[in-house]
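# Descriptive structure summary
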Amino acid sequence: MPSSVLPLAGLPRFSRPPWLSPKVFRRETLAGLVVGLALIPEAISFSIIAGVDPAVGLFAAFTMAVVISFVGGRPAMISAATGAVALVIAPLNREHGFGYLVAGVILGGIFQIVLGALGVARLMRFVPRSVMVGFVNALAILVFMGQVSEISDVPWPVYPLVLGGMALMVFFPRITRAVPAPLVSVVILTSITVAAGIAVPTVGDKGQLPSSLPVPGLPDVPFTLDTLTTIAPYALAMALVGLMESLMTAKLVDEITDTHSSKTRESIGQGIANIVTGFFGGMGGCAMIGQTMINVKVSGARTRLSTFMAGVFLMVLCIAFGPLVSRIPMAALVAVMIMVCFATFDWHSIAPRTLKRMPAGEIAVMVITVVCVVATENLAVGVVVGSITAMVIFARRVAHLADVTTATDQDGGRITYSVTGELFFASSNDLVGRFDYTADPGRVVIDLSAAHIWDASAVASLDAITTKYEQRGKSVEIVGLNERSARLHSSLSGELTGST
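In short, a report on the structure.

Rules used in this analysis
Residues numbered from 1 in each chain as written. Predicted model: local features only at pLDDT ≥ 70, side-chain atom pairs only at ≥ 80, totals over all residues. Heavy atoms only, no water. Helix = DSSP H or I, 4+ residues; strand = E, 2+ residues; numbered from the N terminus. Expected span 1.5 Å × (residues − 1). Buried < 20%, exposed > 50% of the residue type's maximum accessible area, 1.4 Å probe, protein only. Arc of directions from axis to C-beta. Axes fitted to C-alpha atoms, helices over the stretch in contact; angles between N-to-C directions. Parallel < 35°, antiparallel > 145°, perpendicular 65-115°, else oblique. Left-handed = near helix turned anticlockwise from the far one by under 90°. Contact = heavy atoms within 4.5 Å. 1 Å grid on protein atoms, 1.4 Å probe; cavity = no way out; pocket = protein on both sides within 12 Å on 5 of 7 lines; lining within 4 Å. Points joined across faces, edges and corners; volume = space filled by probe spheres on them. Nonpolar A, V, L, I, M, F, W, Y, C, P; charged D, E, K, R; others polar.

Helix length check: helix α6 (residues 158-171), at 14 residues, gives a terminal C-alpha distance of 20 Å against a target of 20 Å (1.5 Å per residue), a fit within 8%. Every buried residue of α6 is accounted for by V158, L161, V162, G165, M166 and M169. For α6, the buried positions fall inside an angular range of 135° around the axis, keeping them on one side.

Relative placement of two packed helices is described by the angle separating their axes and the distance separating the axes. Interhelical geometry of helix α4 (residues 98-117) versus helix α8 (residues 225-257) gives an angle of 55° and a closest axis separation of 7 Å. Between α4 and α8, the crossing angle belongs to the class labelled oblique. In this structure, α4 crosses over α8, and the sense of that crossing is right-handed. When α4 is examined against α8, the residues Y100, A103, G104, V105, L107, G108, F111, Q112 and L115 are found in contact with a partner set consisting of T227, L228, T230, I231, A232, A235, L236, M238, A239, L240, G242 and L243.

Another point: empty space enclosed by the protein. Tallied over the entire structure, the rule returns four cavities of 30 Å³ or more. Considering only enclosed or pocket space, the largest cavity measures out at about 80 Å³ in volume. Lining the largest cavity we find R129, S130, V133, S349, L355, M358, E362, I363 and M366. Listed by contribution, the elements that provide at least two residues to the lining of the largest cavity are α5 (129-148) and α15 (360-376). A breakdown of the residues in the lining of the largest cavity according to their chemical character gives five nonpolar, two polar and two charged. When its volume is computed, the second largest cavity comes out at roughly 50 Å³. Forming the boundary of the second largest cavity are S45, I48, I49, G146, Q147, E150, M330, L333, V334 and M337. Those elements that provide at least two residues to the lining of the second largest cavity are α1 (22-50), α5 and α13 (330-344). A per-element tally of the lining of the second largest cavity places α13 first, with four residues. Among the residues making up the lining of the second largest cavity, the classes are represented as six nonpolar, three polar and one charged.

So, about the environment of I275. With respect to the helices and strands, I275 occurs in helix α9 (residues 263-279). Put simply, I275 and V67 are 208 residues apart on the chain and 10 Å apart in space, counted from C-alpha to C-alpha. For I275, the contacting residues outside a window of four places in its chain are I106, G109, I110 and I113.

Written as structure tokens, this is what we have:
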């Protein structure tokens, strides 16, 4: 509708989507094409990490991108099969079979919808930066470890091909960034091996590529309680890892584009996309930081159209050019994944200059997160352990900030204890020992003007102090409570211990 024409009375005004503009449509479509091309090698590589046929990862990339373009909360963000999700669900496929993997993806999507509806997106602000850094570094290490088997006991041409592919990805962007360097590397290495007849492992050796669109179906598992208890831990880990990666990526895109996105909608959208992906036989996925940066920073995409077109182009290329894709040497994909590892790892976090300035507790949290992830091969475990460690370190640090000073009246009949700092379970336990119950005069004033009561432990400690003085025939007056502290103290004081 032209802007000069007013809508009829009673009818809503039609707002034309921005991607209907020819300029925006062209930009978003080309961005989708570039991302779709770049997704092919990574989707196949992640399939191998998960121990499934390449078609499974490609189906997942297709369905995740298409579905999330409609239901996601962050326009222009790319979701597809990822290394993080592949690492989580790989043991399920290896130990129980592909049917259980698909069932786990569907259940993981359900968990994500529930967590999204419960507001889990708001909890992301409690995950410390040191845990985030450890998470990213551990992901890079695990993906690199996954490539070791692909370069062990292989023909010698594999090694120069891997090095050549890595060199291309380093130097080609200096010439142009119009085409993703990983795609250029894959094309050149494939051309060399095909033209020269070099016998090296190829994608076709890993499994058959799809020749048609995926069709929906139910997972081939018994629908019993035993199946549920088997897949639930993996599904929950997948849900948590997927949401963490997606919300981290969404926050990054918000900063780059200077726009706001709905993290709750994104969380629920990730769940819907994974459920659809599971019913179509995909391996599940989440937001991809690398491909999203290609879409948003390199190609300048800003709308959902680019995400949708990335999924469509991906499947068209696989169906129309499947025989060619099957001849891609595995060395090319290994080179891509190694470079992804180098790009993902936060090298600044381990630089000597950074380590000298970083508090020891922050370094410890980062190291613990990495060690837990690498040892368990479970990203969710590392994040949980790292977050708990960070909370303990923070609690100890804050607990030491609580202090007590005294002042006695000139006549010696009253003593005032001035308490400063945050009073909670970690600091209040030591508070009881800071008073001289025997030598103090008959009137004691506890001034909390510079303190704040946070929990029942602090109230219980104040009750214990009061009781100790009263047992010696002395009176205690607590003054200076702020509004929230006073409300908590009045509601809990005297109610935390049973009468004898």
